[in-house]
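The primary structure of each chain is shown beneath.
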Amino acid sequence: MRALIFAAGLGTRLKPITDTVPKALVPVCSKPLLGHLIDKLKRSGYGEVVINLHHFPQQIRNYVEENSNFGIKVLFSDESDLLRETGGGIRHAAPLLDDGEPFLVHNVDIISNLNLEKFHEAHMAASISMDTPLATLLVSERETSRYFLFDSDNNLVGWMNKLSGEVKSPFGELRREPSDNFDHEGFLKQYALRKLAFAGVHIISPAVFGLMENMPERFPIVDFYLSVADKYIIKGYVQKDLEMVDVGKLDSLDKAQELCRKFLKK
């Protein structure tokens, strides 16, 4: 199985740490985030990993080499010339990912107890029981301001900013312009929708590469998903006991240390 690790970001919210190292090499429990994630992928059966690079790319290459590629096949998708965002990064890595099988995409700054094997099984089970999903997204009920919206069949139908009142959707009846008096709970009830927060991990069908051909060089994967959700099945996956932290800000490092120590004890 193949996985793409998003490690190209500038890590601006982790400054001043990321003034000298890439976010992927920020240590948690005395080990870089990238090392934790590759070890987890390896334990879960992933034998090929692609890492996208932009910020301090040579430091990441050196780290992987110093650890003997972690005993698996590690390739690099170099974005030194242009940071292509999440959607563009996936398309740019297509030559390294497209073997005709679904692949995992995982943000490097996510620490969680996600069971990757069960996540993969859920995607494959859906492929057997219905039309093959274009993607399966890890989502949760955590509190945030921006959510994916799912219908009663757990299919992606839109995106909502709870604070601004904006709703993006390929379905015209769901779209809403920003509004100061948006009743988001009433809206969800009216259309029988469920709001879930994206957790930065997804399994994607290689069919996406053909669908991305007309997208710009740089684009967010969220925009892509919303552009095709009326034509293709995009599922949400909830792990009920999910514990996770996005190590995106300095104030999240303490929580990351706490969770990391907890997971290492198991």
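Everything here concerns the structure above.
Within each chain, residue numbers correspond to sequence positions counted from 1 in written order. Per-residue local features of the predicted model are confined to residues with pLDDT of at least 70, and side-chain atom pairs are confined, for both listing and counting, to 80 or more; whole-chain, interface and lining totals are unaffected and use all residues. Water and hydrogen atoms play no part in the side-chain values, which are based on all heavy atoms of the structure.

Undergrad: Teacher, can you tell me more about the pattern of salt bridges here?
TA: For side chains of opposite charge, pairing can occur when their charged atoms come near one another. Put simply, a salt bridge is a Lys or Arg side-chain nitrogen that is within 4 Å of an Asp or Glu carboxyl oxygen. Applying the stated criterion to the full structure yields 13 salt bridges. K15 is the salt-bridge partner of D19, the closest N and O atoms lying 2.6 Å from each other. Under the scheme applied here, a residue whose accessible area is under 20% of the maximum for its type counts as buried, over 50% as exposed, and between as partly exposed, the area being computed with a 1.4 Å probe on protein chains only. When its relative accessible area of 40% is taken as the criterion, D19 is described as partly exposed. Here K262 and E243 are joined by a salt bridge, their closest N and O atoms 2.8 Å apart. Of the two residues, K262 is situated in helix α9 (residues 253-265) and E243 in the loop between β13 (234-237) and β14 (244-246); the sequence distance between them amounts to 19 residues. Secondary structure elements are taken from DSSP: a helix is a run of H or I of four residues or more, a strand is a run of E of two residues or more, and numbering for both begins at the N terminus.

Undergrad: Help me understand the nonpolar core, please; the structure alone is not making it clear to me.
TA: As a rule of thumb, soluble globular proteins bury nonpolar side chains together. To form a nonpolar core, buried Ala, Val, Leu, Ile, Met, Phe, Trp, Tyr and Cys residues must be joined to one another through side-chain atoms within 4.5 Å. Counting 45 residues, the largest nonpolar core has I5, L34, L41, I51 and L104 as its most contacted members. Residues within four places of I5 in sequence aside, it is in contact with L34, L37, I38, L41, V49, V50, I51, N52, H106 and V108. In this structure, V50, V208, L226 and A229 belong to the second largest nonpolar core, which totals 30 residues. The contact criterion used is simple: two residues touch if any of their non-hydrogen atoms lie within 4.5 Å.

Undergrad: Help me out: how do you make sense of the environment of L104 in this one?
TA: For L104, the position within the fold is in strand β6 (residues 103-107). The buried category is assigned to L104, whose relative accessible area is 1%. Those residues in contact with L104, other than ones at most four positions away along the chain, are R2, A3, L4, L41, Y46, L116, F119, V201, H202 and I203.

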